[in-house]
Every structure is written in C-alpha cells, then in structure tokens.
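What the coordinates show
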Amino acid sequence: MTQTQEPARSRTFTWSDPATNAAQVGRRSGLEMLRAMIAGELAGPPVMNLIDMGRMEADEGRVTIELVPQEFHYNPLGTVHGGVISTLLDTAAACAVHTTLPAGVGYTSLDLNVKFLRPVTVDSGTLRCEGTVLQRGRRTALAEARLTSADNRLVAHATSTCLILPLP
C-alpha cells in the first residue's frame, strides 16, 4: 500500500538476533529469562521493538508491560488496531505463564479470547497490561490479561490457555 499523505511520517527500528535468546531457552527458568531481558542482559524479542512495547516487570505468575499508543498503531478508523492490543494481551498472559516454568520446560499458546471494551487512541496515555496466572497444571495453564489506560480504565481483557511442554 502506498501512502500519499503529507507531511509523510516515518519510523525506523532495530532488533537483535532472536537466535541468541532461543539458545537460552531450556537453560534458565522462565522467570530468569524474563528478568535477564528486563535487565538488558538478553535482548527483548523483536516483536517488542516492532510495536514499541515499553517497560516490563516480572514476578512469579505475573507480568506487566507498558505501551504508549502512537499513530503507527492505528487502524483505518483512527484507533489502535485490535491486533496491537491482542499482542499486548497475549504477551502479558503467556509471559506470566512463562514465569512459573523451570528450566527445560516451555509453553505455547493454545488460545486467546479477547474482549475489546473501549477504543484506544494516543489520548489514552500509557497503557498498562498485566498478565496473571489463574491456574497452572502439569500440561496446561490458564492466564488472564487486563489492559488499562492511563486513567486506570479497563480497555481490554483476555484469557489464554497455554500448553506446557518439555523442551528438547
């Protein structure tokens, strides 16, 4: 698609080789990996740079991520695209599950059920997305994520089921 609006807007971003982090999977617990990313010891995954996710916090069973909505997140209606919101919710919920896993154990998302409750724009201010593990068994985990605007209004909610599996 060609953009013809004036003045033209531009965005550039960089990322680190994701193979570096992939080599650490299985060697550290999930919480250790996330904390290494937060501390800058390991680079964040490229998707964080792609959509410009901000500060992250991680504790056992809980992850919080922030994002400042920008124009480049917008859909044709002038609000933040549901895919960006879903990515935040999926990241927070799945990473919350990751914090509960020991070294040698991985996970993958089985589903993500999202409810969009109100529109998000640049005027929404910094978004805060908190993921929490609701139940973790041997083979699956259930997590939720809540996305709130700067004025602490709930803008979206999700539940996610993750499959827990041994890593090779």
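Shown above is the structure to which this text applies.
Here's what I pulled together on the structure shown here. Just so it is clear, the structure is predicted and the values come from calculations on it, not from any experiment. (Residues numbered from 1 in each chain as written. Predicted model: local features only at pLDDT ≥ 70, side-chain atom pairs only at ≥ 80, totals over all residues. Heavy atoms only, no water.)

Burial runs high along strand β2 (residues 62–67): five of the six residues are buried. As defined by bridge partners, strand β1 (residues 53–59) adjoins β2 across five bridges and the pair is classed as antiparallel. Residue pairing in the sheet places Met56 in a bridge with Ile65 of β2. The turn linking β1 back onto β2 is made up of two residues, and Gly61 within it adopts a positive phi angle of 80°. Two strands pair when backbone bridges link them, and β2 and strand β4 (residues 127–136) are joined in this way by six bridges, in the antiparallel orientation. Note on β4: the bridge partner recorded for Val63 is Gly131. (Buried < 20%, exposed > 50% of the residue type's maximum accessible area, 1.4 Å probe, protein only. Helix = DSSP H or I, 4+ residues; strand = E, 2+ residues; numbered from the N terminus. Pairing = 2+ DSSP bridges.)

Turning our attention to the side chain of Glu66. By the secondary structure assignment, Glu66 is in strand β2. One polar contact links Glu66 to Arg55, side chain to side chain, over a distance of 2.9 Å. Dropping the residues within four chain positions of it, Glu66 is found in contact with Met53, Gly54, Arg55, Thr126, Leu127 and Arg128. (Polar contact = N/O pair within 3.5 Å; in protein donor to acceptor, adjacent residues only side chain to side chain. Contact = heavy atoms within 4.5 Å.)

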